Amino acid sequence: MKQGRVTITTRRTMELVDITSSLHHDIAQAGCGPGLCHISSPHTTAGITINEGADPAVARDIIAGLKKIVPLDYPFEHGEGNSAAHIMTSLTGISVQLFYDGGSFQLGTWQRIFFCEFDGPRTRGVRWLMVEERP
Amino acid sequence: MKQGRVTITTRRTMELVDITSSLHHDIAQAGCGPGLCHISSPHTTAGITINEGADPAVARDIIAGLKKIVPLDYPFEHGEGNSAAHIMTSLTGISVQLFYDGGSFQLGTWQRIFFCEFDGPRTRGVRWLMVEERP
Amino acid sequence: MKQGRVTITTRRTMELVDITSSLHHDIAQAGCGPGLCHISSPHTTAGITINEGADPAVARDIIAGLKKIVPLDYPFEHGEGNSAAHIMTSLTGISVQLFYDGGSFQLGTWQRIFFCEFDGPRTRGVRWLMVEERP
């Protein structure tokens, strides 16, 4: 099982960042063969999701929708004021799994992998782990 | 690693379709032994979830609930008018993993695997990938 | 692939229970080497999530947030009165995957694994399955 990590610098409080190319590059550098790739965020106020990447408005609409769905101003207990970001993280989840073969992930036509920043801007990391197919 | 794909024809704008039997059939045809099965949707307006299949009202309530949770008429940017479907896809997620053994998935008593159509009706596909246990 | 199951006794209608230590203990007892661990709930009114465990207020805020997000009193069809719990289960998901090595999961600094009780109190179970790295 090969492993790696890519670094992401987010620029807004909340945004979706397309990390597909960064992951492709890092995994190619590691010389991985075909396999099931597990991609995860080690953070608790940032998730991972797969959604449309063709029109960047979709990523912005997902953020806009989450802001409407999750109560931002609810009198939460946690003192850091970022409970909404923790809730969004549990809604999207922090990991995805994808089949990798021939230098890229097996994604649908419109699918891209997004890092979901819910409490930025920050420098963040994403880990990947490849369970390679045996020869 | 064996792979396959099942086709699903949805009949409504939004509905949960039980795909457990279709997956069992397709995986049995492929002659898979025990292993961890990754099941995923290649779409960006349709997810995969595991929930109760005994009472079909639960699947309808999940759809009814999602329609209450996600703002359908919010002034979204994306021009296709299906941003709510994209958001729902990121809420449920597009994949599940299950242990497969002896011809069926290791599911809880009430659990079934559902394809979540959020922008139908359409002809859709679901992929599966089996990481087989070695002998 | 080694497998196991831990039992959880929940005490409230809705609560997040940190199951990280129970899983570590059970997996160590089974003598697992490094690998990708799949952790799942066989229930349809209880999920699994990874979130902050340092401040227990975060877990309470996640429950408080979900109660605001999901309509509890919506006229649902399902006769058992727990449709909101089924919806929450599809929002958080019922499984997570983590890399395991040297006796513990590869978690971020603040991450812990939580069993999400949405329709308790009950006695519940969580399954784990380890895809071990080959020597």
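Placed above this text is the structure.
Reading the values: the criteria
Residues numbered from 1 in each chain as written. Chains lettered and ligands numbered in written order. Predicted model: local features only at pLDDT ≥ 70, side-chain atom pairs only at ≥ 80, totals over all residues. Heavy atoms only, no water. Least-squares fit on C-alpha atoms with pLDDT ≥ 70 in both. Contact = heavy atoms within 4.5 Å. Buried area = accessible area lost by both parts, 1.4 Å probe. Salt bridge = Lys/Arg side-chain N within 4 Å of Asp/Glu carboxyl O. Polar contact = N/O pair within 3.5 Å; in protein donor to acceptor, adjacent residues only side chain to side chain. Helix = DSSP H or I, 4+ residues; strand = E, 2+ residues; numbered from the N terminus. Nonpolar A, V, L, I, M, F, W, Y, C, P; charged D, E, K, R; others polar.

Draft legend 1. The relation of the copies chain B and chain A, seen in detail. With an RMSD of 0.0 Å, the fit of chain B onto chain A corresponds to turning through 120° and sliding 0.0 Å along the axis. The relationship between the two copies is best expressed as a three-fold rotation axis. Within chain B, Leu91 of chain B has its C-alpha nearest the rotation axis, a separation of 3.2 Å. A share of only 18% of the interface residues of chain B reappears at the interface of chain A, consistent with the copies meeting through non-equivalent patches.

Draft legend 2. Quick look at the interface of chain A and chain C. Taken together, the contact between chain A and chain C spans 28 residues of the former and 32 residues of the latter. Taken together, the two surfaces of chain A and chain C that pack against each other cover about 2,500 Å², and 59% of this comes from carbon and sulfur. Notably, a salt bridge pairs Glu77 of chain A with Arg60 of chain C, separated by 2.8 Å at the nearest N-O pair. Applying the counting criterion to the chain A and chain C interface returns 16 residue pairs in polar contact (both at pLDDT 80 or more). Secondary structure elements with two or more residues in the side of chain A that touches chain C: helix H3 (83-92), strand E5 (95-101) and strand E8 (123-132) of chain A. When residues of the side of chain A that touches chain C are assigned to their parent elements, the largest contribution, six residues, is made by H3 of chain A. Classifying every residue of the side of chain A that touches chain C by side-chain character gives twelve nonpolar, 13 polar and three charged.

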